Amino acid sequence: MGLVSGLLLLPLAPVRGTLWVADHLVTEARRQAHDPRAVRARLAALNDALDRGDIDEAAFEREEERLLTLLERHRQGRQP
């Protein structure tokens, strides 16, 4: 980037910085959401919610299937 273009684009620096931070936050959130330890913890919490009667069997099965799919993809080395 040349001096002139750098000066002309300087007013956009806060926007570019904000977009950079947002991109890194999304990337980190996805990484953490698909971490096998976090998925297993969500499965345990899901089982507890079913035991307490907070969710019905159908909701439990839908969410359990989704979480187990995440674990299987991670095991196979594929990220969603």
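Owing to the predicted nature of the structure, the values given are computational and were not obtained by experimental measurement. (Residues numbered from 1 in each chain as written. Predicted model: local features only at pLDDT ≥ 70, side-chain atom pairs only at ≥ 80, totals over all residues. Heavy atoms only, no water.)

1. Examining the nonpolar core
Soluble globular proteins tend to bury their nonpolar side chains together. Of all hydrophobic cores here, the largest spans seven residues; its members are Val39, Leu43, Leu46, Phe60, Leu67, Leu70 and Leu71. For this core, the secondary-structure elements that each account for two or more residues are α3 (36–52) and α4 (57–75). A per-element tally of this core places α4 first, with four residues. If near-sequence neighbours (up to four positions away) are discounted, leucine 67 is found in contact with Val39, Arg42, Leu43 and Leu46. (Core = buried A, V, L, I, M, F, W, Y, C linked by side-chain atoms within 4.5 Å. Buried < 20%, exposed > 50% of the residue type's maximum accessible area, 1.4 Å probe, protein only. Helix = DSSP H or I, 4+ residues; strand = E, 2+ residues; numbered from the N terminus. Contact = heavy atoms within 4.5 Å.)

2. Focus: the confidence of the model for the protein chain
Here the protein chain averages 87 in pLDDT, and 95% of its residues register 70 or above. Put simply, helix α1 (residues 3–9) is where the protein chain has its lowest mean pLDDT, 77, and α3 is where it has its highest, 94. (pLDDT = per-residue confidence, 0-100.)

3. Describing the packing of α3 against α4
At their nearest, the axes of α3 and α4 sit 10 Å apart, and the two run at 165° to each other. The orientation of α3 relative to α4 falls into the category roughly antiparallel. The hand of the α3/α4 crossing is left-handed. Counted together, Pro36, Val39, Arg40, Arg42, Leu43, Leu46, Asn47 and Leu50 of α3 and Glu57, Phe60, Glu63, Glu64, Arg66, Leu67, Leu68, Leu70, Leu71 and His74 of α4 form the full contact between these two elements. (Axes fitted to C-alpha atoms, helices over the stretch in contact; angles between N-to-C directions. Parallel < 35°, antiparallel > 145°, perpendicular 65-115°, else oblique. Left-handed = near helix turned anticlockwise from the far one by under 90°.)

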